[in-house]
Amino acid sequence: MDYSFLPQDSYNDRRNLPVSFSGLPVFEDAAGAIWFPSLYDESGDFKRLKRTMSLGEVTDSNSSSISSYGSISRTSSTSSLSSVQRLQFRDHIWTYTQRYLAAEAVEEAAASLIGAEGGGGVAGDEGSGEGMKLVQQLISCAEAVACRDKSHASLLLSELRANALVFGSSFQRVASCFVQGLADRLAVVQPLGTVGYIAPKMNIMDIASEKKEEALRLVYEICPHIQFGHFVANSSILEAFEGESLVHVVDLGMTLGLPHGQQWHGLIRSLAKRPGPSPRLRITAIGLCIDKFRVIGDELETYAIELGLNLEFSVVESNLESLKPEDIKVVPGEVLVVNSILQLHCVVKESRGALNSVLQIIHELSPKVLVLVEQDSSHNGPFFLGRFMEALHYYAAIFDSLDAMLPKYDTRRAKMEQFYFAEEIKNIVSCEGPARVERHERVDQWRRRMSRAGFQPVPLKMLAQGKQWLSSINACEGYTIVEEKGCLVLGWKSKPIVAASCWKC
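Notes on the structure in this doc start here. (Residues numbered from 1 in each chain as written. Predicted model: local features only at pLDDT ≥ 70, side-chain atom pairs only at ≥ 80, totals over all residues. Heavy atoms only, no water.)

### As for the packing of aromatic side chains
On inspection of all chains with the given rule, the structure shows 10 aromatic pairs. Of the aromatic side chains, those joined through ring pairs into one cluster are Tyr394, Tyr395, Phe399, Tyr420 and Phe421. Here the basic side chain of arginine 185 rests over the ring of phenylalanine 384, its NZ or CZ set 4.1 Å away from the ring centre. (Phe/Tyr/Trp six-rings, centres within 6.5 Å; stacked < 30°, edge-to-face > 60°. Lys NZ or Arg CZ within 6 Å of the ring centre and 35° of its normal.)

Set out below in structure tokens:
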């Protein structure tokens, strides 16, 4: 590559810091020297910072899978020694692979952001020079935060606040959200020479404020992301309910608590229009916003009565991690489906135990179909800098789409950006551990997770219908729908945004 991601002086100022670069990949060469691939060399080549240290010194809290070589030397049995060595070797390979992928994500995302000048991405209205400078400042600041260099990061944040304008170009606006996240993360990281991370007191899964509710409603009405998920889900559910008289939908989270239950209005209409006797429909909502869910349930039951459909609506007050099989009432002879719209990523944790538990409970319900709709991006990598760049690339595309849909000073756009998308960005950037719930993953990773949990893919053969639907809602030019290995993916100018897939036991 013939461009530098960071100003050269920014890199040189910190190249000899006696700390590990927690956000960058680390490798060990044949001579045992540790080196950090630098992404900032003008020639595009990697530079090496050699040190003599143990592998355990290099790894940070995100690399807990690598054990110290010292533990091997204390093993009494020769056979157990070789067993531990083989295990650790696999751990090393896995960790190196993850770090390599993190570095690759940084390069690809930066290249895409800088290369978006012609399409309005980074450069926008401000010209390529200003766009390049803003990208460099953001990456430089993210690196300083990852290195826990508070003084340098604070200086860069001051510069960024002056350039990342809330009502500027699309990239200036998305940059302002990442600046907020970096500032929040910097406020809770420990200074150089200490170990650990203090999680910020932030939980975006709390009951939403009026502003967040309005922002969610606007995202649903203006952006096709959630509507796309509802379209694919309802089409799959209707196919599963074909010819059945007793049907049951288990809805995880009720689409983030979206008011009025728009998804189920459409399903009720479709079921009521079918020839012959209407089926008896049961909907079970799972989540903590029980008062809101009950209001939605009353609306849906009234609507169903008007159309001559028998609807039974119930609520299970539980988050997904605390859900138990007995919480969900299953009637003998009914056909059950599970609906998950932008929900399961919130229970993806480092240990995978929480997600596996939820998937096991779903599997025990033996649903005819599980509909899974998730953001299609890698925001759950083990290394901060790679995760930061993936998120920057993803949300830059979303803000670019908002630019194309709404006028520059439209207050609706500002509400969506600041009270919906910015909340996701800040959680990805500033939080760690249980507080980080926006753990979006690519559709390939979801395939692996679902297969390990015992689910089999149900190919979605509705690409033509999807394109027809996209045209029918008058979506802004630039949105696309493609089929990828049996999944449907909604994208903006070739950048995947949301992926929908179906699964069976």
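### Structural notes on unusual backbone geometry
Not every positive phi belongs to a glycine, and lysine 485 is a case in point at roughly 55°. Relative to the helices and strands, lysine 485 is located in the loop between β9 (479–484) and β10 (487–492). For lysine 485, a relative accessible area of 65% gives the class exposed. Its identity as a non-glycine residue notwithstanding, serine 494 has a phi of 75°, on the positive side. Given the relative accessible area of 68%, serine 494 is considered exposed. (Helix = DSSP H or I, 4+ residues; strand = E, 2+ residues; numbered from the N terminus. Buried < 20%, exposed > 50% of the residue type's maximum accessible area, 1.4 Å probe, protein only.)

### Section: the nonpolar core
Counting residues in each nonpolar core, the largest one holds 101 residues, and the members touching the most others are Leu138, Phe178, Leu182, Leu281, Phe388 and Tyr395. Tallying contributions element by element places helix α14 (residues 384–405) first for this core, with 13 residues. If near-sequence neighbours (up to four positions away) are discounted, phenylalanine 178 is found in contact with Leu138, Phe388, Ala391, Leu392, Tyr395, Ile425 and Val429. Leu336, Ala354, Ile361 and Trp503 belong to the second-largest nonpolar core, a separate cluster that totals 25 residues. (Core = buried A, V, L, I, M, F, W, Y, C linked by side-chain atoms within 4.5 Å. Contact = heavy atoms within 4.5 Å.)

### Digging into the pattern of salt bridges
For the structure shown, the criterion picks out 22 salt bridges. For glutamate 213, the salt bridge is made with lysine 292, and the minimal N-O distance between the two is 3.3 Å. Of the two residues, glutamate 213 sits in helix α8 (residues 210–222) while lysine 292 sits in helix α12 (residues 290–306), which places them 79 residues apart along the sequence. Look at glutamate 213 and you get partly exposed, because its relative accessible area is 27%. Residue aspartate 410 is joined to arginine 412 by a salt bridge in which the shortest nitrogen-to-oxygen separation is 2.9 Å. Linked by salt bridges that have partners in common, Arg173, Asp403, Arg413 and Glu417 make up one network. (Salt bridge = Lys/Arg side-chain N within 4 Å of Asp/Glu carboxyl O.)

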